[in-house]
Amino acid sequence: MTQVIDIAIVGAGMSGLYSAWRLKADAAAHQRPLTVAVFEGSERVGGRLLSVKPPFVNDTFVELGGMRFTATQHLVCGLTKAFGLQTGVLADANPSNIAYLRGQRLTKGELTDPERIPYVIDESLRNPESLQDLMAVAAVRALAPSFKLVLDIDLTLDTLKQVTAAQWRAVGERGTFEGKPLYETPLHYLLVRTLGHGAVQFLQDSLGYDSVLWTWSAADGFPFNLSDFGSDITHFHLIDGFSALPRRLHEEAVALGVDVQLSTRVRSVHDVVLADGTAGVAFTTVKSDGQETRHLARQLILALPRRAIELLDRTGPLFESRASVFRPLLEAVSPIPLFKIALCYEHCWWEAVVGAGSHGKSVTDMPMRQVYYWKVNPDDQQGVVLIYDGGLAKSYWEQLDHIEPNKVQSKLAHRRPGVEMWADYAAPARIIFEAHRQLLELHGMHESQAPAPFAAACMSWSRDPFGGGAHFWNMGLRSHEVAEKILQPLPELPVYICGEAWSHDQGWVEGALATAEAMLTRHFGLSSVLDTDLLSAHP
Ligand SMILES: Cc1cc2nc3c(=O)[nH]c(=O)nc-3n(C[C@H](O)[C@H](O)[C@H](O)COP(=O)(O)OP(=O)(O)OC[C@H]3O[C@@H](n4cnc5c(N)ncnc54)[C@H](O)[C@@H]3O)c2cc1C
C-alpha cells in the first residue's frame, strides 16, 4: 500500500525549502510526528539562486541568479544571521563608473547634472535633487492627494521614506489618480503624465532595468520601486554565494528528517479520498531516467513560479472543474525575463577608464544595460564582470542563446547535488563576442586595448521551468486579495501555493519567504517565525 506523506512540497527553491524546514522544526518543537517530503525537478537545490565559481579567479562566486538583499528584509537577514553566513556590502553606486546613454559617455556622478544628460526634461526637474530620485518626485507629485485623503499624511520627499507596507496597501486600494483607482492606473502612464516622457526615459535608461516599469499598476509598482531601488539603499551579499543559503536550509531540513528527492519532477496533481475518508492529494513524479511513481499526501505545497505550475499536466481540479477560480489567480502575475553573463579577463582593462579598485555598476542603454565590476584578484589582477539585462519581452541575449535547455539539464545530471559548475552554464560564442564588444564600446576602448575573455558563463531565466527571473503583478487587480487567495486556491482541495511570484517583494528572496510564512501561519497553524527561536537558535 502507498504510504501517505503528511506534507509533500514541490520545488526546492527558497520558498519550498523554508516551508519544509519550518514545518519540521515546528513538529519537533511540539513533539508531533510529521512526514515532510520535498520533490525537486532539477539536480540541485536553490532554484533561482545560482552561485557559480569562475575558473582561476580566487575567492569569489558569481551570481547568475539572485545576488543581494537589504537590511530591511527581515526573513533573509534573520536566516543568514541564524546560520552564521558571512555577509559583505555589495557596492552599487560609484560616481566614477560610467553611464553610457544615447551615445554619450558620462560618469555616474554626472547623472545629476542637468547640463550633461542627453534627455529633454522639464525645467522643474532639471536640478540635482530631482534627478537623483525621479521615482520619489513622481510619487510625491501624483500621490500627495491620496495620502492626505486616505491616511491624513502630508506626503513630501522626507515623509515618503517613512511610509510603511500597510500604508502603501491602504493607498493602493483606496487612492486615485485622475479620478481612477491607483490599481487601475498603469505606473508607466502615471510617470509619463507626471514627469514627462524624456524624464521617464532617462529614469529607465539610467536605472539599468527595462522591466521595473512593466506590467503593473501604480498601486503595486510604486512601493516596489521605492523600497528596493531608492538612491540611498545599501545592498548586502553572501561571501560564499547566495546559494549558500538554500544549501544550508537543505542541510537543516534533512537533519530534522525532511526527505528531499532531487531529479524528481512532479508531473500531475489530483484530488483523492484517502483510506481514512479525508480529502488528500495524489500526485505523479518522474525521475530523470523516466521512472514514474504515484504518491499520496494529506497536503501538498506547490512552491513554484507561474510557468512551472503551467507546465504541470492540465488535469485535476486546479485546472479543470474550478478553472474559472484558479486561472485568474495564476495569471495575475507576469514572468519577467532576466539574463546574466559573467566574463573573466586576464587583467582589469576597464580600470584604465573607471579607475583602480573598480566596484559597483556602470549602466548603458545598449542591450547589456548593467555591468557590475564583480571581482578583481589583487594578486594577479584577473577580473570578472557581470552583465545583467532585466530585459523586455524577448531579450536581445535570449535570441542569441543557442544552448538547449535540455543540454544544461543533462550536463547537470552527473554532478554532485548542490555543486554548481561554471562549465554547465558556459556561454555560447556569439554571446561572448557581443558582450565583449559592448563592454569595449561602453568604456570607449578599441579591441586592441583589451584581451578577449578567457571564460564566460550565462543564464537565461526565461527557460523552463522558470518562465522568467522575477514576476510582476498585472494591471487592474487588487494584488493583496490575489496574494491571500492563491495560498489555498480551492478551499476544498488541500493544495497550497507559495513563492516569489505572488508576493509583495517580487524579484526578491524575501518575497518567496514572506509568502511561505503567510501560508504556514494562515493554513498550517504555525506561529510567526518571529515568535520562535528559529532565527536566533542556530550556531
Ligand atoms: C537574474 C536574477 C536576479 C535576481 N536578483 C535577486 C536579488 O538580487 N536578491 C533577491 O533577493 N532575489 C533576487 N532574485 C529573485 C530570487 O532569486 C527569487 O525570488 C527566489 O529565489 C525565488 O524562490 P522561489 O522558491 O519562489 O522559486 P524558485 O527559486 O523558482 O524555485 C522553484 C523550484 O521548483 C523547481 N521545480 C519547478 N517545477 C518543478 C516540478 N514540476 N517538480 C519539481 N520541482 C520543480 C525548480 O527547479 C526550482 O528549484 C533574482 C532572480 C534572478 C533570476
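So, here is what we can say about the structure in this document. Keep in mind it's a predicted model, so treat the numbers as computed, not measured.

**Re the overall build of the chain**
Next, step 1: The number of helices and strands found in the chain is 18 helices and 23 strands.
Next, step 2: Taken against the 2.2 N^0.38 rule, which gives 24 Å for 539 residues, the C-alpha radius of gyration of the chain at 24 Å falls within 12% of a compact globule.
Next, step 3: Seen through its C-alpha atoms, the chain measures out along the principal axes to roughly 75 × 60 × 45 Å.
Next, step 4: The buried share of the chain, reckoned over its 539 residues, is 47%.

**Focus: the site of the ligand**
Next, step 1: Near the ligand you find 40 residues, and of these Gly11, Gly13, Gly47, Gly66 and Gly469 are the closest.
Next, step 2: Breaking the shell around the ligand down by element, the ones donating at least two residues are α1 (14-29), β13 (264-273) and α18 (509-523).
Next, step 3: The element best represented in the shell around the ligand is α18, accounting for four residues.
Next, step 4: Looking at side-chain class alone, the shell around the ligand contains 20 nonpolar, 13 polar and seven charged residues.

**Points about unusual backbone geometry**
Next, step 1: In this structure, the amide linkage connecting Asp464 to the following residue, Pro465, adopts the cis form with an omega of 5°.
Next, step 2: Tracing the backbone shows Pro465 in the loop between β21 (455-460) and β22 (470-473).
Next, step 3: Of note, the phi angle at Asp152 is positive, near 55°, even though the residue is not glycine.
Next, step 4: Considering the arrangement of structural elements, one finds Asp152 in the loop between α4 (134-151) and α5 (157-160).
Next, step 5: On the basis of neighbour counts, which here come to 7 C-beta atoms within 10 Å, the residue Asp152 falls in the exposed class.
Next, step 6: A positive phi is found at Arg369, a non-glycine position, where the angle reads about 60°.
Next, step 7: Relative to the helices and strands, Arg369 resides in the loop between β18 (361-364) and β19 (370-376).

**Remarks on the environment of Gln167**
Next, step 1: Structurally, Gln167 is set in helix α6 (residues 165-174).
Next, step 2: The partly exposed category is assigned to Gln167, around which 15 C-beta atoms lie within 10 Å.
Next, step 3: It is 7.6 Å that separates the C-alpha atoms of Gln167 and Leu151, two residues lying 16 residues apart in sequence.

**As for helix α2 (residues 74-82)**
Next, step 1: Within α2 the residues assigned to the buried category are Leu75, Val76, Leu79 and Thr80. All buried residues of α2 fall inside an arc of 130° around its axis, so they share one side.
Next, step 2: Contact partners of the buried residues in α2: β5 (69-70), β6 (87-89), β11 (235-238), α10 (244-256) and α18.
Next, step 3: Gly84 sits one or two positions beyond α2 and adopts a positive phi of about 65°.

**Some thoughts on the pairing of strand β2 (residues 36-39)**
Next, step 1: The sheet contact formed by strand β1 (residues 4-10) and β2 spans four bridges and is parallel. By the bridge assignment, Val10 is partnered in β2 with Phe39.
Next, step 2: Crossover β1 to β2 through α1 is right-handed.

Calculation notes
Residues numbered from 1 in each chain as written. Predicted model: local features only at pLDDT ≥ 70, side-chain atom pairs only at ≥ 80, totals over all residues. Helix = DSSP H or I, 4+ residues; strand = E, 2+ residues; numbered from the N terminus. Rg over C-alpha atoms; globule rule 2.2 N^0.38 Å. Buried ≥ 20, exposed ≤ 12 C-beta atoms within 10 Å, placed from the backbone. Near = placed C-beta within 6 Å. Nonpolar A, V, L, I, M, F, W, Y, C, P; charged D, E, K, R; others polar. Arc of directions from axis to C-beta. Contact = placed C-beta atoms within 7 Å. Pairing = 2+ DSSP bridges. Right-handed = clockwise from strand over helix to strand, strands pointing away.

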